[in-house]
Protein chains: 4
Amino acid sequence: MVRVAVVGATGYAGVEAVRLLARHPEVSLVAVTSDSYAGRPISEVYPHLRGWVDLVLEAYDADRLAEAAEVVFLALPAGLSTECAPALRERGRKVIDLGGDFRIPGNLYREWYKKDPPPARWQEEAVYGLTEWAREAVAGADFVSNPGCYPTATLLGLVPAVRAGVVDPGSLVIDAKSGVTGAGRGLSLGSHFSEVYENFKAYKVGVHQHTPEIEYHLGVFGGREARVSFTAHLVPMNRGILVTAYGNLMPEWRNAATEDVVQLYREVYAGAPFVRVRPAGEWPQTKEVRGTNLCDIGLAVEGRTGRLIVVSVIDNLVKGAAGQAVQNLNVMMGWPEDAGLAAVPLYP
Amino acid sequence: MVRVAVVGATGYAGVEAVRLLARHPEVSLVAVTSDSYAGRPISEVYPHLRGWVDLVLEAYDADRLAEAAEVVFLALPAGLSTECAPALRERGRKVIDLGGDFRIPGNLYREWYKKDPPPARWQEEAVYGLTEWAREAVAGADFVSNPGCYPTATLLGLVPAVRAGVVDPGSLVIDAKSGVTGAGRGLSLGSHFSEVYENFKAYKVGVHQHTPEIEYHLGVFGGREARVSFTAHLVPMNRGILVTAYGNLMPEWRNAATEDVVQLYREVYAGAPFVRVRPAGEWPQTKEVRGTNLCDIGLAVEGRTGRLIVVSVIDNLVKGAAGQAVQNLNVMMGWPEDAGLAAVPLYP
Amino acid sequence: MVRVAVVGATGYAGVEAVRLLARHPEVSLVAVTSDSYAGRPISEVYPHLRGWVDLVLEAYDADRLAEAAEVVFLALPAGLSTECAPALRERGRKVIDLGGDFRIPGNLYREWYKKDPPPARWQEEAVYGLTEWAREAVAGADFVSNPGCYPTATLLGLVPAVRAGVVDPGSLVIDAKSGVTGAGRGLSLGSHFSEVYENFKAYKVGVHQHTPEIEYHLGVFGGREARVSFTAHLVPMNRGILVTAYGNLMPEWRNAATEDVVQLYREVYAGAPFVRVRPAGEWPQTKEVRGTNLCDIGLAVEGRTGRLIVVSVIDNLVKGAAGQAVQNLNVMMGWPEDAGLAAVPLYP
Amino acid sequence: MVRVAVVGATGYAGVEAVRLLARHPEVSLVAVTSDSYAGRPISEVYPHLRGWVDLVLEAYDADRLAEAAEVVFLALPAGLSTECAPALRERGRKVIDLGGDFRIPGNLYREWYKKDPPPARWQEEAVYGLTEWAREAVAGADFVSNPGCYPTATLLGLVPAVRAGVVDPGSLVIDAKSGVTGAGRGLSLGSHFSEVYENFKAYKVGVHQHTPEIEYHLGVFGGREARVSFTAHLVPMNRGILVTAYGNLMPEWRNAATEDVVQLYREVYAGAPFVRVRPAGEWPQTKEVRGTNLCDIGLAVEGRTGRLIVVSVIDNLVKGAAGQAVQNLNVMMGWPEDAGLAAVPLYP
């Protein structure tokens, strides 16, 4: 059993990591930290964990964590991993960071996050863990930077089309919708029940920090420079992201049938246990992947306008956060990729 | 008092018309029809109406309606107005049709609705009642075809930009999201609570019958031929449509500021009592117009991609159906445009 | 036009009062206060009000309010009216207090609210404004203490049965369920969207501060000492309270039919414009009164157990707060009881 | 591996059984039936199952099922098990019936279900599988009648108190609230999204068919004749039942502390892997057991009224249906009671 700790265990991504690690066949969950609730059992803060995980929450302490655990998950607000990740790496621990600090080059980070980026040395070490497109790099990594929720859904949906030259990467419009857990457990009027319920809105239009993450890694994995309009919307529900992406078909694909693109995607994702490419005419729904690490993708060639339309869905807390982190852990350790993640969606 | 009847009064658009007409200062609601519930008081089918409207539902009968009412609202499933509207017009009654039969030319109707279009004579008489863009025509009309819910939100949001040459009308992507009341009161798995709750999905991708209505009337009101990708999504809530539209800026607007476009829209809608153009940086939410005939519009020029982003919201049952129908009635009769419609949104 | 001010206008009860007063035919809304947002237009804090109410929020100032307004609505957290109400009364202004400070005798207040009660002089002046049972007292009052949301639904449902000796007032079980707006706009984990959505819970079991308010006024209006178990529950929705109350039938009513009790209630509420007693076998739903000042009541005599079951529903922000306050204003001023309140429920 | 079939696999209880059995370590799911969808893969009807369960749905055929499976789960509407269960038993197969036909004596069934009860021979064979109170009987059974969802939550919450003489079994008021999945997948206005959303209602007041099931088995397990008022309510969410039960304390328990009752319950449920008795002052929420077979119980002695208040929560599709059925299967087969059921609740 490999000893794993979760830092920031009382946030939603953190507690989801706890849920998954608590039942992982190869893992022993040895420590959970929370600065706000240190000293209390996690099952008092989250009574649903009673009998499952009754560890006492600790304040963050790099030495103590390095002693207790072989691998550390960081589930922290933006800016904090910049300090914690290097401290743990220097103590020789493997790190999987669920935050945004190490996902994009420093100059982009500074521009979009309005914060100082982490030291270049560690930024370079961090492997961007979009598992399906980075298995080999992750397999050899000691430090994985886990992708953001919107980028995960978007990149899994678009990389095959960009890489194969199906769409013009300068023409992409990405209209994304997320459940409210994506905003975390921190109190704000934007997550206040009465404001969100029976409501739908766009937010951070044109300035969302996931925009450069999408563009940058479309470039890395797709092999072409991309420029995207990205708009985030808030859906009055808890879990799930659905991304609707639109791109202009390249001339050689103008007369393609939807089935051709479905076929391409199926080949690309043939060995991926968590990606399901749906047949032409069938569209995925967020509920169909709820509680799991799955990403479902639907496709259409719209001849009338010369566009490809891609719809991809994930559970933002699983494939968009803690689940993909566990998937990366599995790849790093050489375990089966779906260890601890093989779950049937909770429907309805 | 003008005598008004509602045909199809037990559907959601119909019963919303009943709600609005019941309190309209110039209107006497004289008849309500429903084939399924004929013979029962409407307040038995909809107990919230007890004490407000206790009329007995009647089966549809053109002669009886023509006798009872001066104006007839039709709130019927697609295909039925094709027969009812001409019958009532032939009997000399004014008609406001909330359905889709008379909104687009016959050839488009046949192609997208897979039904025979209504007779050309009546199609020509019907005035497309997007009130803000058709006030004069509506003022002189005896027969108004009320716009669809998605087209209302989309056209109010895009016509100013297309008409003024701000965006390329061939580049438009329209990503639309609607609450479930838009699907009506007819039972289907797609409106079954357990399937919709905690779920988000796209539907009718590439084949939604509102697509030609949007393209055609963008052409009419915007003065340029438009070609749009239109995708509808279902939001797990009851009322509200939010449309996010993306268009490539024309060269002369590439360096415009968001404020310039806001200014343009404010001038265009200066006399419109129901359109609120929000200041730059502020984005409308569906809840902010709930229960009212308002349409709120937010705008951004995205310099990075050269696009205009437009977000518009309405209450699909009010401005997207029964409210706009009453607004058209007001214009037809020469009453104040907001008679019976002056309501503060129900928030939260 | 009577000049009215709302103190605490940015809480949910306050902004609902603003919504109702903005359209009241006899009222001019002259001032709105908020300590958190003073200096900003209320329509910036609540954009749904743009064009309807654009008053600038002021900090609370008794002198200024007494100058500006003839009647002041107080919509404040518990404990604050204790100071504000006397200050305004001393300046000769009529006051309608939506808070809990003046609803129950000082000793009960101290016991259940764990706060010092207001001075006896003002407590005695305050008329408990359960309008249907206190019309005369309200008509002559200068200071009305508006009932709590749960007590309103409970008392309207139970007073007739207690008063007529239908049920044993010592046997009452009151199981109450409320939408989340009842918890107000203040941020807390208990109102955080992700915690509430897809969740149902009981709260403050056995210690809810509305318990003594119910018992005390059942005694006053029902004429018999009551002892109740009261349990509050949180429904994952915004507006609406449903109370299910159970009481043992007194011997002389053991063989009564449900219709007999319905008849009794209909007689009792014959002149009440906002109470609808539903026929035997029909049960009210919260949605059927949404957005209105209505209270709907359903009844059943359960012969098998010898109990009366009463279900009553209200919109907690309207009849349970701001609407009943306006109703009391109407009665105080001698206006029609439904002035500014005649609205058809927003359904669905 | 034991071969198991699910009859009625496309209803919500059926598909939940499929979800659990698909991952059960001792089970091989060999057949799924559905009369409406026979001939189609279940993963076409429920795309979330793609890759997990791709069995083709069959029409019900007792011979074929008896050949294919050793154990058959029946998840059918009321009345159908009356025929299917005997047919399968006659063919020597073990049966676990999730429906209501075999839960109560024939005379009660006839009275409350308004249907002919099943033959006495089979009714006598059926063991009522409230596992925690019937482990031994279930262990030796070939035919288990799985309890209803409301009775499961109610009985687990009340049997200890009735059995130990804490409360008067003639005084019980049971106020129950359920998510919408309890109403199944069959279309009806009562489960239509727009009717249920932002709504709360009571239903089947005084006539719910779970009433006699509760009374009868309170008698069996509690050892005293019970008489209950039972009211069901519909919560606008999918999964979860919360029952609030009230009973008058017997004289010898009048002065007990809540902790005393908590202690009693903890002893009673000491060996039960799925029951969590919460400490005094802590109340369970439906979300805290979601997706699992857990039942959480909260307790309070209300000295002021002399009542015991019990709040119990379950996931209606798991412990209230398919999960308890699997638990019974485990006990019947001598497997660990939590085989295939050990899951951390999906939170939030």
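Residues numbered from 1 in each chain as written. Chains lettered and ligands numbered in written order. Predicted model: local features only at pLDDT ≥ 70, side-chain atom pairs only at ≥ 80, totals over all residues. Heavy atoms only, no water.

Remarks on unusual backbone geometry
All names here are of chain A. Cis rather than trans, the peptide bond between Tyr-347 and Pro-348 has omega equal to -10°. The phi angle at Lys-114 is positive, at roughly 55°, despite the residue not being glycine. As for its placement among the helices and strands, Lys-114 is situated in the loop between helix 5 (106–113) and helix 6 (120–125). By relative accessible area, which is 69% here, Lys-114 ends up exposed. In this model, Glu-198 sits at a positive phi of 50°, which is unusual for a non-glycine residue. (Helix = DSSP H or I, 4+ residues; strand = E, 2+ residues; numbered from the N terminus. Buried < 20%, exposed > 50% of the residue type's maximum accessible area, 1.4 Å probe, protein only.)

A look at the interface of chain C and chain D
At the junction of the two partners, chain C supplies 48 residues and chain D supplies 48 residues. The largest share of the area that chain C buries against chain D comes from Glu198(C), Phe200(C) and Arg304(C), three residues that together contribute 19% of it. Linking chain C with chain D are six salt bridges. Between Glu215(C) and Arg304(D) there is a salt bridge, with its nearest N and O atoms 2.5 Å apart. Remark: the boundary between chain C and chain D carries 42 residue pairs in polar contact (both at pLDDT 80 or more). Every element with two or more residues in the side of chain C that touches chain D is listed here: strand 7 (172–178), helix 9 (193–196), strand 8 (201–203), helix 10 (210–222), strand 9 (228–234), strand 10 (241–248) and strand 13 (307–314) of chain C. Of the residues in the side of chain C that touches chain D, the class split is 21 nonpolar, 14 polar and 13 charged. (Contact = heavy atoms within 4.5 Å. Buried area = accessible area lost by both parts, 1.4 Å probe. Salt bridge = Lys/Arg side-chain N within 4 Å of Asp/Glu carboxyl O. Polar contact = N/O pair within 3.5 Å; in protein donor to acceptor, adjacent residues only side chain to side chain. Nonpolar A, V, L, I, M, F, W, Y, C, P; charged D, E, K, R; others polar.)

Observations regarding the interface of chain A and chain D
In this complex, chain A contributes 32 residues to the contact, which on the side of chain D involves 32 residues. Broken down residue by residue, the surface that chain A buries against chain D is led by His48(A), Val344(A) and Leu346(A), which jointly contribute 22%. Linking chain A with chain D are two salt bridges. With a shortest N-O distance of 2.8 Å, Glu282(D) and Arg50(A) are connected by a salt bridge. The interface formed by chain A and chain D holds 16 residue pairs in polar contact (both at pLDDT 80 or more) in total. Looking at side-chain class alone, the side of chain A that touches chain D contains 16 nonpolar, four polar and twelve charged residues.

Thoughts on the relation of the copies chain A and chain D
Superposing chain A onto chain D takes a rotation of 180° plus a shift of 0.0 Å along the axis, which leaves an RMSD of 0.0 Å. Within this description, the copies of the chain are treated as partners about a two-fold rotation axis. Of the C-alpha atoms belonging to chain A, the one lying closest to the rotation axis is found on Glu198(A), 4.0 Å away. (Least-squares fit on C-alpha atoms with pLDDT ≥ 70 in both.)

As for the confidence of the model for chain A
Looking at chain A as a whole, its pLDDT mean stands at 98, while 100% of the residues score no less than 70. Interface confidence for the predicted complex, expressed as ipTM, amounts to 0.97; the pTM equals 0.98. (pLDDT = per-residue confidence, 0-100.)

Examining the relation of the copies chain C and chain D
Of the transformation superimposing chain C on chain D, the axial component is 0.0 Å and the angular component is 180°, with the fit at an RMSD of 0.0 Å. In this assembly the copies share their binding face: 100% of the residues contributing to the interface of chain C also contribute to that of chain D.

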